[in-house]
Amino acid sequence: MKYRISVLLAFLGFFAQAQEKLTLTQAVNYALENKAEAVKARLDVQNSEYMIDEVRANALPQINATGGLTYNAILQETAMDFMGQSMVIKMGKPWQSTAVVSLNQQLFNQAVFTGLKAAKSTREFYKINAQLTEEQVIEKVANSYYEVYKTKSQITTIDKTITNTTRVRDVIKSLFDNGLAKRIDLDRTNVALNNIKSTRQQLVNALELQENALKYLIGMDINAPIELPENSFEVTKHALVDDTTNIENRTEIKLLEKQSELLALNKKATEAQGLPTLSLSANYGYLGIGDKFPWFQSYPGAYWSDFSSIGLNLSIPIFNGGSNKARIKQAQIDIDRLEVDKKDVRLALDLSLKNAVTQINNSLITLNTQKENVNLAQEVLTNVENNYKHGLASLTDLLDAETSFADAQNSYTNALLDYKLAEIQLIKAKGDLKTLTQTEN
């Protein structure tokens with residue numbers, strides 16, 4: 001609850017000030033508070049409390065009050081032998097009313113008691129499921145967040161390229177105006193510049209789509225403006241995998257274990273249907289009869305009497321055609337199938353952990369290589385520019401150097417995104433996605 005209040009206050013300030021930056025932590029927490037999947041998961045947890053109340057009610061006394069009013073339009077007649085003579089008499093009175101309070105209490109019903117245990121386990125199941133849902137939301141938001149950063153970085157790179165190409169074009173134009181360059185060189189440069197600007201517009205369009213997707217994933221109004229801080233898309237020290245890393249801590253495993261517990265309780269409840277049940281019943285009521293409508297006890301012509309009974313009800317199942325036995329076997333099959341699923345999930349989680357470690361190591365190597373390529377491409381571009389100014393390099397060489405530098409920067413941006421996505425997968429494989437709600441990644 002505390003983190004929900006802090007998220008709400010943070011975003012009230014976010015919308016109040018247009019210059020506020022949307023960090024990854026803010027985006028994740030906002031999604032957990034507003035995204036439909038997370039909200040419904042919390043409602044399922046809340047609903048599980050009512051499910052427990054419903055099952056608990058079956059073990060509590062059941063008290064009911066009933067009343068009835070009957071008008072016997074034609075009274076039943078019966079023949080009786082009295083002192084050797086047959087007599088025909090009417091049974092009852094035209095009007096009859098009853099008011100009864102009854103109680104029923106389960107004394108022994110194993111199915112009800114097992115159901116109560118299952119309801120409590122169901123509550124824990126929904127809590128774990130809500131945690132898994134939150135982790136899935138966090139993963140989607142983080143991936144989308146970094147996709148936006150990738151495109152923003154590409155736009156920044158292409159802006160630099162446009163600036164450099166414009167500067168070169170201006171130099172060539174100055175040379176052309178002074179008769180020191182050819183028209184074809186100026187035209188080729190203008191064509192290259194226009195192509196770069198066209199590519200930039202495509203990236204701007206893609207960025208808008210990605211920002212809208214991010215806002216949808218966190219449950220934010222599509223029309224709300226967002227701005228990401230410049231320093232979030234960086235290489236950070238990722239948590240290393242050591243001997244303490246255990247897939248048994250993964251939420252997926254906890255959910256399967258709880259599901260296994262529920263299936264075991266379901267089998268017990270099915271078995272309990274073949275056990276005897278014992279309950280206590282009691283009632284107390286009033287019966288009123290009369291020739292006229294029996295309003296109340298002192299009404300003339302009305303006869304009232306009270307009655308009560310207390311009893312024990314024992315039910316012993318003897319033979320049901322083997323249906324309960326078949327249900328028990330079905331319940332065991334469900335347990336066996338889940339064990340197969342648990343084994344498969346453990347293999348999958350082991351695989352994802354090893355792959356995440358391999359991927360982040362490879363991504364780091366690629367990232368360092370691409371960073372060196374950017375520095376090298378920058379040096380080549382600077383040298384070619386100097387040579388072109390002194391007539392030692394052709395325009396083709398200059399444009400190729402510009403293109404190589406831009407490609408190197410884009411490759412670095414892609415490598416950086418791959419690294420961040422691999423980092424998310426490693427955090428997920430370790431079961432630590434919730435840390436993204438607390439600290440910046």
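For clarity, every value in this text was computed on a predicted model and none was experimentally measured. (Residues numbered from 1 in each chain as written. Predicted model: local features only at pLDDT ≥ 70, side-chain atom pairs only at ≥ 80, totals over all residues. Heavy atoms only, no water.)

## Points about the overall build of the chain
The criterion, for reference: Numbering of helices and strands runs from the N terminus, with a helix taken as a DSSP run of H or I at least four residues long and a strand as a DSSP run of E at least two residues long. Three exposure classes are used, based on accessible area relative to the maximum for each residue type with a 1.4 Å probe and protein chains only: buried under 20%, partly exposed in between, and exposed over 50%. In this description, contact between two residues means that some pair of their heavy atoms is separated by no more than 4.5 Å.
Each helix and strand in the chain was counted, giving eight helices and six strands. When the helices and strands of the chain are listed from N to C terminus, the series reads α-α-α-β-β-β-β-α-α-α-β-β-α-α. A total of 441 residues make up the chain; the buried ones form 34% of that total. Long-range pairs, those at least 24 residues apart, make up 80% of the contacts in the chain between residues at least 6 apart in sequence.

## So, the pairing of strand 5 (residues 277–290)
Defined as follows: Should DSSP find at least two bridges between two strands, the strands are regarded as paired.
When strand 4 (residues 95–108) meets strand 5, the two strands line up antiparallel, connected through 13 bridges. Bridge pairing links Ser102 to Asn283 in strand 5.

## As for the sheet that holds strand 1 (residues 62–71)
What counts, and what does not: Fitted lines through C-alpha atoms give the axes, limited to the stretch in contact for helices. The angle between two N-to-C directions lies from 0 to 180 degrees.
Ordered in space as 1-4-5-6, the four strands form an open sheet in which the pairing is antiparallel. Of all the strands in the sheet, the pair left with one neighbour each is strand 1 and strand 6 (302–315). The sheet shows a mean angle of 15° between the axes of neighbouring strands, direction not considered.

## A closer look at the nonpolar core
Let me state the cut-off plainly: Take the buried Ala, Val, Leu, Ile, Met, Phe, Trp, Tyr and Cys residues and link them wherever side-chain atoms come within 4.5 Å; each set so joined is a nonpolar core.
Formed by 33 residues in total, the largest nonpolar core has its most connected members in Val141, Tyr145, Leu214, Ile218 and Leu436. Listed by contribution, the elements that provide at least two residues to this core are helix 2 (24–34), helix 4 (110–177), helix 5 (183–217) and helix 8 (395–429). Here this core gets 11 residues from one element, more than from any other, and that element is helix 4. Discounting chain neighbours no more than four positions away, the residues touching Leu214 are Val141, Ser144, Tyr145, Val148 and Ile226. Judged by nonpolar contacts, the second largest core, of 16 residues, contains Val168, Leu395, Ala401 and Phe405.

## What to know about the packing of helix 5 against helix 8
What counts, and what does not: For classification purposes, an angle smaller than 35 degrees is called roughly parallel, one larger than 145 roughly antiparallel, one from 65 to 115 roughly perpendicular, and anything else oblique. Each crossing gets its hand from how the near helix is turned against the far one by less than a right angle, where anticlockwise is left-handed and clockwise is right-handed. Residues are grouped as follows: nonpolar covers Ala, Val, Leu, Ile, Met, Phe, Trp, Tyr, Cys and Pro; charged covers Asp, Glu, Lys and Arg; every other residue, Gly included, is treated as polar.
Running from N to C, helix 5 and helix 8 point in directions that differ by 15°, and their axes come no closer than 11 Å. Considering the angle they form, helix 5 stands roughly parallel to helix 8. Crossing angle aside, the handedness with which helix 5 passes helix 8 is right-handed. Listed contacts from helix 8 to Asp185, Arg188, Thr189 and Ala192 of helix 5 are Leu395, Thr396 and Leu399. For the contact of helix 5 with helix 8, the per-class residue count stands at three nonpolar, two polar and two charged.

## Quick word on a nonpolar patch on the surface
Worth spelling out the cut-off: Residues enter a patch when their relative accessible area is above 30% and they make no salt bridge; the linking distance is 9 Å between like charges and 5 Å between nonpolar side chains (Val, Leu, Ile, Met, Phe, Trp, Tyr). For accessible areas, the Shrake-Rupley method is used with a probe of radius 1.4 Å. Any residue's cover is judged against the shown protein chains and nothing else. Salt bridge, as used here: a side-chain nitrogen of Lys or Arg that lies within 4 Å of a carboxyl oxygen of Asp or Glu.
Among the surface-exposed residues, Met80, Phe82, Met83, Met87, Ile89 and Met91 lie close enough to one another that they form a single nonpolar patch of about 630 Å² accessible area. Breaking the nonpolar patch down by element, the ones donating at least two residues are strand 2 (77–82) and strand 3 (85–90). Secondary-structure assignment places Met83 in the loop between strand 2 and strand 3.

## What about the pattern of salt bridges?
Scanning all chains against the criterion turns up 18 salt bridges. Lys342 serves as the salt-bridge partner of Glu257, at 3.3 Å between the closest nitrogen and oxygen. Highlighted residues: Glu257 in helix 6 (residues 251–272) and Lys342 in helix 7 (residues 323–389), separated in sequence by 85 residues. A residue is classified by how much of its surface remains accessible, and Glu257, at 34% relative accessible area, is partly exposed. For Lys342, a relative accessible area of 7% gives the class buried. Here Glu423 and Lys420 are joined by a salt bridge, their closest N and O atoms 3.1 Å apart.

## A short note on the pairing of strand 3
Here strand 3 lies mainly on the outside; zero of its six residues are buried. Of the pairings in the sheet, the one linking strand 2 to strand 3 comprises six bridges and is antiparallel in character. Bridge pairing in strand 3 links Asp81 to Ser86. Between strand 2 and strand 3, which follow one another and run antiparallel, lie two residues, and Met83 among them has a positive phi close to 55°.

## Some details on the confidence of the model for the chain
As a reminder, the rule being used: A residue's pLDDT is simply how confident the predictor is in it, with values from 0 to 100.
The predicted model of the chain has a mean per-residue pLDDT of 85, with 90% of residues at 70 or higher. Ranking the elements of the chain by mean pLDDT puts helix 1 (residues 2–16) last, at 46, and strand 1 first, at 92.

## Quick look at the packing of aromatic side chains
Defined as follows: Think of it this way: a Phe, Tyr or Trp ring, Trp meaning its six-membered ring, pairs with another when their centres are within 6.5 Å, and the plane angle makes it stacked under 30 degrees, edge-to-face over 60, tilted otherwise.
Taken as a whole and assessed by the stated rule, the structure comprises five aromatic pairs. Aromatic pair Tyr71 and Trp95: ring centres 4.8 Å apart, planes at 45°, arrangement tilted. Within this pair, whereas Tyr71 is found in strand 1, its partner Trp95 is found in strand 4, the two being separated by 24 residues in sequence. Seen from their ring centres, Phe125 and Tyr126 are 5.8 Å apart, and the 75° between their planes marks the pair as edge-to-face. For Phe125, a relative accessible area of 17% corresponds to the buried category. Tyr126 sits in the partly exposed class, given a relative accessible area of 23%. Ring-pair connections join several aromatic residues into one group, and the members of that group are Tyr145, Tyr146 and Tyr149.

## Quick look at the packing of helix 2 against helix 3 (residues 36–59)
Where helix 2 meets helix 3, the axes come as close as 5 Å, and the angle between the chain directions of the two elements is 50°. Comparing their axes, helix 3 and helix 2 come out oblique. On the side of helix 2, the interface is formed by Ala31, Leu32, Glu33 and Asn34, while helix 3 contributes Ala36, Ala38, Val39 and Arg42. A class-by-class count of the residues in the contact of helix 2 with helix 3 yields five nonpolar, one polar and two charged.

## A few points about helix 4
For clarity, the cut-off: Any helix carries an expected span of 1.5 Å times its number of residues minus one.
The terminal C-alpha atoms of helix 4, which comprises 68 residues, lie 99 Å apart, in line with the 100 Å expected from a rise of 1.5 Å per residue. Where helix 4 terminates, the next one or two residues include Gly179, which has phi positive at roughly 75°.

## Quick look at the environment of Ile333
The topology assignment puts Ile333 in helix 7. C-alpha separation for the pair Ile333 and Leu263, spaced 70 residues apart in sequence, amounts to 9.9 Å.

## Details of the environment of Trp304
Following the sequence through the fold, Trp304 ends up in strand 6. Between the alpha carbons of Trp304 and Gly290 there is a distance of 8.8 Å; along the sequence they are 14 residues apart.

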